[in-house]
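Structure assessment
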Amino acid sequence: MKLKSLILFGLAALTSATTAHAEGGMFEGALPENWTADVVAAVRYNFYNYNNWQQDGTSNYNWLITYDADVQGKWKVANWRNLIDIDLGQTWTKGLGKRKSADRLFWESMLDFNMTEVLKPYIGNRFETQIMAGYAYSEDENGDEVKKAVSSFMDPAYETQVAGLAYIPNDNFSQRLGFANRMTISKGYGYADVHYDEKVAAGRKDQIKEFRDEPGLESITEFKYNLSDIVTFKTRLWAFCNFEGVEQIDGLWENLLSIMIAPLIEVQVGYDMAYDYDRDEDAQYKTMVLFGLTWRWF
């Protein structure tokens, strides 16, 4: 990306963020009184270019765009909550090329029925996938890089329907437990077929399943707390176990600490741990420290 384009992009983002901050949110006051929203967008970009630089250094750049929305409408009979999480990022390093650093498209919609003040039967739907293609990297016998596509948009994708009972004593904590059906969608990389490798080896690609339903139990625990006007912590623990056995448990534990150190400037410290039996039998970990422009929509 040229330097001129970078400068123009930065000025546009800063102008938009400044306007949002000055008004307390880009769309403050646009929602009806029975609706609440916590919507934050962020843009982060780093760029290093070295030319005949005698000290140690490698040219590189990375960018990250995030959009996190929690919108809820409340009525006497029921409450309707929608969560949206979009993360998209990429890193380029000279001599290595481009790699994905973040890629997630997530939408969850829950309808809670107000049976009592704290106990609420609920139904919901969740959709998860990625946006960009994913690759596995290795080397051949000559040391040259081998790039193999292993995923793409809607491959895999996960569609979940759930119904259960929620315990919600306040706006900061909730515990959900319900019956769920988790559908895996995969038309090219075999995530929906547990016998994918065997069928490929036997030349039976026409028999590979593109959809798989997994009925089971699902648990969601959420907690968020404002430590001060500028420091916020939230955590979410999701677990799913199909009816085939406890060894088939999938889980995701997300933690995020956000610190607003100045208007428009935020530091985020996150730690995620995931386990997906279909992808890897070992747990996966992600730690991140992010710093950049952040502006609030609501």
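Look a little higher up for the structure.
Remember, it's a predicted structure, so these values are computed and weren't measured experimentally.

What follows deals with the overall build of the protein. Along its length, the protein carries two helices and 14 strands. Expressed along its principal axes, the backbone C-alpha trace of the protein runs to roughly 70 × 60 × 25 Å. Looking at the protein alone, contacts between residues at least 24 apart form 55% of all its contacts between residues at least 6 apart. On the protein, roughly 18,000 Å² of surface is accessible, and the fraction owed to carbon and sulfur atoms is 59%. Of note, the protein has its 29 positive side-chain charges centred 4 Å away from the centre of its 43 negative side-chain charges.

This part covers the side chain of Thr 235. Relative to the helices and strands, Thr 235 resides in strand S11 (residues 231–242). Residue classification places Thr 235 among the buried positions, given a relative accessible area of 17%. A distance of 3.2 Å separates the side chain of Thr 235 from the backbone oxygen of Glu 254, its partner in a polar contact. Apart from the residues within four sequence positions on either side, Thr 235 is in contact with Thr 221, Glu 222, Phe 223, Trp 253, Glu 254 and Asn 255.

Turning our attention to the sheet that holds strand S9 (residues 173–185). Taken together, the 12 strands give a closed barrel; going around it, the order is S1-S2-S3-S4-S5-S8-S9-S10-S11-S12-S13-S14, and neighbouring strands pair in antiparallel fashion. Taken over all neighbouring pairs, the strand axes of this sheet differ in orientation by 20 degrees on average, direction set aside.

Take the nonpolar core next. The biggest cluster of nonpolar side chains holds nine residues, and these are Met 110, Tyr 122, Val 162, Ala 166, Ile 168, Ala 180, Ile 220, Trp 238 and Phe 240. Residue assignment for this core shows that the elements contributing at least two residues are strand S8 (157–167) and S11.

With that settled, the discussion passes to the side chain of Asp 112. In this structure, Asp 112 sits in strand S4 (residues 97–113). For Asp 112, a relative accessible area of 2% corresponds to the buried category. In terms of polar contacts, Asp 112 uses its side chain to reach the side chain of Arg 176, at 2.8 Å.

Another point: the pairing of strand S7 (residues 145–151). Consecutive residues of a regular strand have side chains that alternate between opposite faces of the sheet. With six bridges joining them, strand S6 (residues 134–139) and S7 adopt antiparallel strand pairing. Across the sheet, residue Gly 134 finds its bridge partner in S7, namely Ser 151. What sits between the antiparallel neighbours S6 and S7 is a turn of five residues, in which Gly 143 has the positive phi angle 85 degrees.

Turning our attention to unusual backbone geometry. Note on backbone geometry: most residues besides glycine have negative phi, and most peptide bonds are trans. Omega for the peptide link from Asp 155 to Pro 156 comes to 5 degrees, which places this bond in the cis form. With respect to the helices and strands, the residue Pro 156 is situated in the loop between S7 and S8. In the Ramachandran plot, Asn 52 falls in the positive-phi region, its phi being about 55 degrees despite a non-glycine side chain. Looking at where Asn 52 falls in the secondary structure, it is placed in the loop between strand S1 (35–48) and strand S2 (60–74).

Next up on the list: the pattern of salt bridges. Inspection of the entire model under this criterion finds 18 salt bridges. Between Arg 81 and Glu 222 there is a salt bridge, with its nearest N and O atoms 2.8 Å apart. With Arg 81 in strand S3 (residues 78–93) and Glu 222 in strand S10 (residues 211–226), this residue pair connects regions lying 141 residues apart in the sequence. With respect to class, Arg 81 is no different from Glu 222; both count as buried. Put simply, Asp 70, Arg 81, Glu 108, Arg 126, Glu 218, Glu 222, Lys 224 and Arg 236 are held in one network by salt bridges that share partners.

Calculation notes
- Residues numbered from 1 in each chain as written.
- Predicted model: local features only at pLDDT ≥ 70, side-chain atom pairs only at ≥ 80, totals over all residues.
- Heavy atoms only, no water.
- Helix = DSSP H or I, 4+ residues; strand = E, 2+ residues; numbered from the N terminus.
- Contact = heavy atoms within 4.5 Å.
- Areas by Shrake-Rupley, 256 points an atom, 1.4 Å probe, with all protein chains shown as cover.
- Lys, Arg positive; Asp, Glu negative; His and termini not counted.
- Charge placed at Lys NZ, Arg CZ, Asp CG, Glu CD.
- Buried < 20%, exposed > 50% of the residue type's maximum accessible area, 1.4 Å probe, protein only.
- Polar contact = N/O pair within 3.5 Å; in protein donor to acceptor, adjacent residues only side chain to side chain.
- Pairing = 2+ DSSP bridges.
- Axes fitted to C-alpha atoms, helices over the stretch in contact; angles between N-to-C directions.
- Core = buried A, V, L, I, M, F, W, Y, C linked by side-chain atoms within 4.5 Å.
- Salt bridge = Lys/Arg side-chain N within 4 Å of Asp/Glu carboxyl O.

Any functional reading would require information that these geometric values do not contain.
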